[in-house]
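The lines below spell out each chain.
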Amino acid sequence: MLLLGKETSFVFWTRLATERLIMNLRRYCLIILVCICAFTPLVVYGQTLTILNEQLKPIEAATVSNETGELWVTDATGVVNLNLDAEQQLTIQHVNYLSKSIRWKPGQSAQVVLEANVKSLDEVVVEGFTDNEKLSKMAGSVAKLEPKDLNRFDNFSLVSSVNTIPGVQFEERAGASYRVSIRGSSIRSPFGVRNVKVYWNGIPFTEPGGNTFLNLLDMANMSDVEIIKGPSSSAYGAGNGGVIKLKSTNLAQLSNATMVGVTGGSYGNFRSNVSSNWLGEKTSITGKYAFQNSDGYRDHNQMQRHTAELDLIHFANNEKTYTASMLYSDIFYEIPGGLNPTQLADNRRQARPGSEAYNASIDHQYFIVKVGQEYEFSSSFRSDVNAYFYTRNFENPFNLDYKRDKEHSYGFRAQLENDFQLLGRTSSATYGNEFQLANLDGKNFGNVAGVADTIRFHDKLSNEISFWFADVKLNLTEDIKLTMGASLNHIVYRINRVEDEISQMPGKVTKEFKRVFSPRVAISKSWGEHFSTHFSVSKGFSPPTTTEIRTNEGTINSGLEPEVGTNYELNLRGSTVNSRLSYDVAFFMFNLNESITTETDGNGVVLFRNSGQIDQKGVEATLQWNWLANSTGSFETLNSRLALTHHDFEFKNFIDGGDDLSGNALTGTAPNVVSFMTDFSLRSGLYANFTFQYSDEIPLNDENTVYSEAYQVFHTRMGYIKGTPKIDYEFFAGVNNLFNEEYSLGNDLNAFGQRYFQPAPERSFYIGLNLKFKH
C-alpha cells in the first residue's frame, strides 16, 4: 500500500512505477531462489565428513558410527575419512553437542553442523566484545537467545522472547511499532529503536543517523539473538544502551533441510514462512521467504510484511571463507496513536482521534546486500571483513505532517585478531575499523486527509560515522584474565535545507561532534570450575540521532550534545557441580551526563534536550534449574528459569523550566520486573512452555505525576513434535495474556494532552504447524 500526494506528473509516476518494479523483482527473484533450494533433491554424499559447530569451526573428537557398529573419530580439523561403498545411516556424537543422524551415500565430501548441548548459563558461548567464548570467561552482561528460546511463543515477533532477559524491555506500542529499552535507554525514544546498536550477520543494521528499523525483520531473519547490556562503545561505537547482534541462519537447525511453517491467531494474525538450505563440501545456500499479516488489536492498526532473504557461504579452503547475504523487506502498518485516560477508559481499542482521518501509517521498503570474508593467515592471525550497501524508501503520513524519505548507505567493518605469547600463555589482540556513510533525501509535507499537500521543508543529509577499535585480552594466570579495550569515534551530520516554506531560511548546517575516546577495562577470575567473578569499568557515549536534531516541526537542533557516561559492573556466574542449578548475576552503577530526554510542544511534536545527569544503579539476575539430571520415565526435559530486575534510576541535577526534578525516578523504567518460565518435554513428543511476567508501575512523565499501573501476564504454548528419517513435524497452540490483563506494553512518555497509553492486546489465541523436510 502506497499513499501518494498531489504530485501527479508523468515523470513522478514513471519513477514511482520503476522503483516499485525493481523492488518487486528483487523480492520475486529471492522467492524463486528459495523454491529452487526447497525442491532440488539434496542428499549428503562423500568419502570425507567434516563436523562443525554453530560458529562453523571444526569439532575435534566427535564420533561417527554406523548401524553395524563401526566407529570413526574426527581429527583436529573436524574431519573423518569414511571408506564406505553403500548407503547407510550415520550417527554423529560429541559430549558437548546434541547428536545428529544423517543419511550417507558414497561420493564427494560433505559437512555437518552440530548444535551445542548447553546445560548451564555459564556454558553459553557468546561473541560479546569481539571474541567467541563461554560466559564464564567473559566480563560484562551478555545474554543470548537461541532457537529454542525464540520458539517458546507465537512466532509473530521477538517481543515476548526478549522480555525474558533481565534489564531488557522490548515494547510494542502497537502492531509492528517497536521500541527497545536496555537499562532505561528508551527514555529518548518516542518511537523506534535508538541508543542501541544493532548488527545483522556481522554488519551494522543501525543506520548512520542512529535509528534502527527492527520491524523490517521477520522471525525467519533471526535465528540467534545476542544482547550486550550497558555501554559497549569500546568495540561497537555509539550507544549507551548496549548492542543487539542478530544472526539470520543457524545451520545446526537448517542444514540440508527445508522448513515450512504457518501460524494463525486472534485479531487476524497470520504468518507463513519457508526456509531451505543446501550444505555441501564447499558451499552453503540458504533461501527464505516470510509473509505476515494482522488486522491489529486496535482500530487503525493493520499490518502487512513480506521478507525474502538469500545467504551464501563458500568454503574456499581451510583458511578462507566467503559469505554473502541479500535481504528485501516491504512493510506497511497503521499507527493508532496514544490515548489519554478518558479515551482509555471509554474504549481501549480505539485509535487516537485523527489517526484514521490523516491515515497515520508507515510504508517502508528496504533492500540490503552484504559480502564478507574470513581469512586465517596463520594459526595466530585472522581477519573478518564485512561490507554492505542498502537502499530504502520510507513514507509516513501522520496526524501533524507527511514524510517521504529516500536513503542509500554503504559501509564496512574490518576486524583483525592476533594471538601472541605472554608469560608463557596465549593472549590475543583484536583491532579494526568500522565505517558508515548514508545519503538521505527527506521531504516533509502538510497532511490533508491523508494525502501529501504543500511541501514544508526539504533536506538532503549526509551522515558519516567511523571509529577505530582495539581489544587486548591478557591471560595473566590460568585463572585470571585482563581485558583492555578502547575506540576512537568520529561522527558528522551534514544537513542541506534545500527548501524551507516554514521560516524561509534554506541553508546548510554541519554538526560535527568532537572525537570521543571510549575505553573499557575488565578483569575476570575463575574460582574453580563452577564459579567466576568479573569486574569492568567502561565509558560510553551516544550522540543525538538525526531524528532528534532534525525534528518534525522543522527545527534543526544543532545545539544538542552527546550523552556520555561511565559504567561500573560486577558479574557473578556459576553452577552447581552437576549443573542442575546455574546463575548469572550483575550489579551495576551507570553515571550518565548530558542525558537526552523528551518534551512535547503545544502541537504534540516531540522535541529533545540535554537535561543534566541520571544515576542508574541496579541488580539483574538469572537463575536456571534443570530438574532432571538425565531423561527419566516419561520426561525428556524439565527446567525452569527465573529472571529478576531491580533498577534504581533517578534524575540528578535536572532543572526543567525552573522546576527542580532532581531525585525523581527515571521516566519509562519499572523499578522491578520478574519473569518466570517453566518448560517440559515428554518422550512421546508432547511439550509445554509456561511464562509469567510481572512489571511494577512505570512513571510516564518527568514530574512523576502520572504512572502506568503494575501488571502481570501469563503466556503458554503447548505442542507435539515428532520426527522420522525424512521429515519432522510440529503442531502447536498457545494463549497470550491468559488471564486477560489490561495493560500497556510501550507507553508514550511526556505525552502532550496526556496521551500516554498504547493498550496491549487482551487474551489472544494462536495455532500453528511446522514441517521440516530433510534432504
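Numbering of residues starts from 1 in every chain and runs along the sequence as written. Whole-chain, interface and lining totals are the exception, using all residues; otherwise, since this is a predicted model, local features are given only for residues with pLDDT of at least 70 and side-chain atom pairs are given and counted only at 80 or more. Only hydrogens and water are set aside; all other atoms, that is, all heavy atoms of the structure, feed into the side-chain values.

It is worth spelling out the pairing of strand E45 (residues 727-736) at this point. A regular strand carries its side chains on alternate faces of the sheet. Pairing between strands is defined by DSSP: at least two bridges between the two strands are required. Helix numbering and strand numbering both begin at the N terminus, where a helix is a DSSP run of H or I of at least 4 residues and a strand a DSSP run of E of at least 2. Where strand E44 (residues 711-723) and E45 come together, 8 bridges link them in antiparallel fashion. Bridged to glycine 723 within E45 is aspartate 728. Turn length for the E44-E45 hairpin, with the two strands adjacent in sequence and antiparallel, is 3 residues. Taken together, the 10 bridges between E45 and strand E46 (residues 764-774) define a ladder with antiparallel strand orientation. Along E46, the bridge assignment pairs phenylalanine 731 with leucine 769.

pLDDT is a residue-level measure of predictor confidence that goes from 0 to 100. Per-residue pLDDT for the chain has a mean of 89; in total, 92% of the residues score no lower than 70. This stretch, residues 1-18, has a pLDDT under 50; its non-local contacts, to residues over four places away or in other chains, come to 34 contacts. Residues are treated as being in contact if the distance between any of their heavy atoms lies within 4.5 Å.

A few words now on the sheet that holds strand E8 (residues 110-113). Spatially, the 3 strands line up as an open sheet ordered E5-E2-E8, and their pairing is mixed. Among the strands making up the open sheet, the edge pair consists of strand E5 (79-81) and E8. Taken pair by pair, the neighbouring strands of this sheet meet at an average axis angle of 25 degrees, ignoring direction. Sheet topology places strand E2 (residues 48-52) next to E8; 4 bridges connect them, and they run parallel. Counterpart to leucine 49 in the pairing with E8 is alanine 110. What counts as an axis is a line fitted to C-alpha atoms, over the stretch in contact for a helix, and the angles between N-to-C directions run from 0 to 180 degrees.

Of note in the backbone geometry, alanine 449 takes a positive phi value of approximately 55 degrees without being a glycine. The residue alanine 449 is located in the loop between strand E26 (425-448) and strand E27 (451-475) in this model.

A word on the sheet that holds strand E14 (residues 196-200). Sheet architecture is open: 5 strands sit in the order E11-E16-E17-E14-E15, paired in mixed fashion. The open sheet is flanked by strand E11 (141-145) and strand E15 (203-204), the only strands paired with a single partner. Here 5 bridges tie E11 to strand E16 (residues 224-229), and the two strands are oriented antiparallel to one another. Bridging across to E16, leucine 145 finds its partner in valine 225.

Let us look at the side chain of asparagine 463. Tracing the chain through its elements places asparagine 463 in strand E27. Any residue under 20% of the maximum accessible area for its type is buried, any over 50% is exposed, and the rest in between are partly exposed; the area is computed with a 1.4 Å probe on protein chains only. For asparagine 463, a relative accessible area of 1% gives the class buried. Every residue in contact with asparagine 463, bar those within four places of it in the chain, is listed here: Pro208, Gly209, Gln436, Leu437, Ala438, Val492, Tyr493 and Thr546.

Once that is clear, we can look at a nonpolar patch on the surface. Patch criteria: residues need more than 30% relative accessible area and no salt bridge. Like-charged residues are merged within 9 Å; nonpolar side chains of Val, Leu, Ile, Met, Phe, Trp and Tyr are merged within 5 Å. Calculation of accessible area relied on Shrake-Rupley with a 1.4 Å probe; when residues are assessed, cover is drawn exclusively from the protein chains displayed. When a carboxyl oxygen of Asp or Glu is within 4 Å of a side-chain nitrogen of Lys or Arg, the pair counts as a salt bridge. A surface patch of nonpolar side chains, amounting to about 480 Å² of accessible area, comprises Ile523, Phe535, Tyr568, Leu570, Phe587 and Met589. Of all elements in the fold, only strand E32 (563-575) and strand E33 (581-593) reach the threshold of two or more residues within the nonpolar patch. Mapping isoleucine 523 onto the fold places it in strand E30 (residues 516-526). For isoleucine 523, a relative accessible area of 38% corresponds to the partly exposed category.

Turning our eyes to something else, we now look at the pairing of E44. Sheet analysis places strand E41 (residues 686-695) next to E44, joined by 10 bridges and oriented antiparallel. Looking at the pairing, glutamine 693 lines up with valine 713 of E44.

The next thing to look at is the environment of phenylalanine 420. Along the polypeptide, phenylalanine 420 turns up in strand E25 (residues 402-422). Separated by 146 residues in the primary sequence, phenylalanine 420 and threonine 566 place their C-alpha atoms 30 Å from one another. Residue contacts for phenylalanine 420: discarding those within four places in its chain leaves Arg425, Thr426, Ser427, Ser428, Ala429, Val472 and Leu474.

Glancing now at the pattern of salt bridges. When the charged atoms of two side chains lie near each other, side chains of opposite charge can form a pair. According to the stated counting rule, one finds 34 salt bridges in the structure shown. Put simply, glutamate 730 and arginine 717 hold a salt bridge, and the shortest N to O gap is 3.0 Å. Taken together, the positions of glutamate 730 in strand E45 and arginine 717 in strand E44 put the pair 13 residues apart, joining distant regions of the chain. Of the two residues examined, glutamate 730 and arginine 717, each falls in the buried class. Salt bridges linked by common partners bring Arg183, Lys229, Glu569 and Glu620 together as one network.

With that settled, consider the nonpolar core. A general trend in soluble globular proteins is that nonpolar side chains are found buried together. By nonpolar core we mean a set of buried residues, namely Ala, Val, Leu, Ile, Met, Phe, Trp, Tyr and Cys, connected to one another through side-chain atoms within 4.5 Å. One finds Ile244 and Leu246 to be the most contacted residues of the largest nonpolar core, which totals 46 residues. With residues near it in sequence (within four places) discarded, leucine 246 still touches Val198, Tyr199, Trp200, Asn201, Leu214, Leu217, Met222, Asp224 and Val225. In terms of nonpolar packing, the next biggest core, distinct from the first, is built from 17 residues, Ile51, Leu90, Ile102 and Val112 among them.

Looking now at the packing of aromatic side chains. Note on aromatic pairs: the rings of Phe, Tyr and Trp (six-membered ring only in Trp) are paired at centre separations within 6.5 Å, and the planes decide the class, stacked below 30 degrees, edge-to-face beyond 60, tilted for the rest. Taken as a whole and judged by the stated rule, the model has 24 aromatic pairs. Geometrically, the ring pair formed by tyrosine 756 and phenylalanine 757 is edge-to-face, given 6.1 Å between the ring centres and 75 degrees between the ring planes. No difference in accessibility class separates tyrosine 756 from phenylalanine 757, as the two residues are buried. Ring-pair connections join several aromatic residues into one group, and the members of that group are Phe635, Phe680, Phe690, Phe714 and Phe739. The ring of phenylalanine 129 is capped by arginine 520, whose NZ or CZ atom sits 3.7 Å from the centre of that ring. Throughout this description, the term charge over a ring refers to an Arg CZ or Lys NZ atom that lies within 6 Å of the ring centre and within 35 degrees of the ring normal. Stacked on the ring of phenylalanine 732, the Lys or Arg arginine 717 has its end atom at 3.8 Å from the ring centre.

The next point concerns the environment of isoleucine 313. Positionally, isoleucine 313 belongs in strand E21 (residues 303-315). Note on isoleucine 313: relative accessible area 16%, which makes it buried. The sequence separation of isoleucine 313 and isoleucine 285 amounts to 28 residues, and the corresponding C-alpha distance is 6.6 Å. Discounting residues that sit within four places of it in the chain, isoleucine 313 has contacts with Leu56, Leu251, Lys282, Thr283, Ser284, Thr321, Tyr322 and Thr323.

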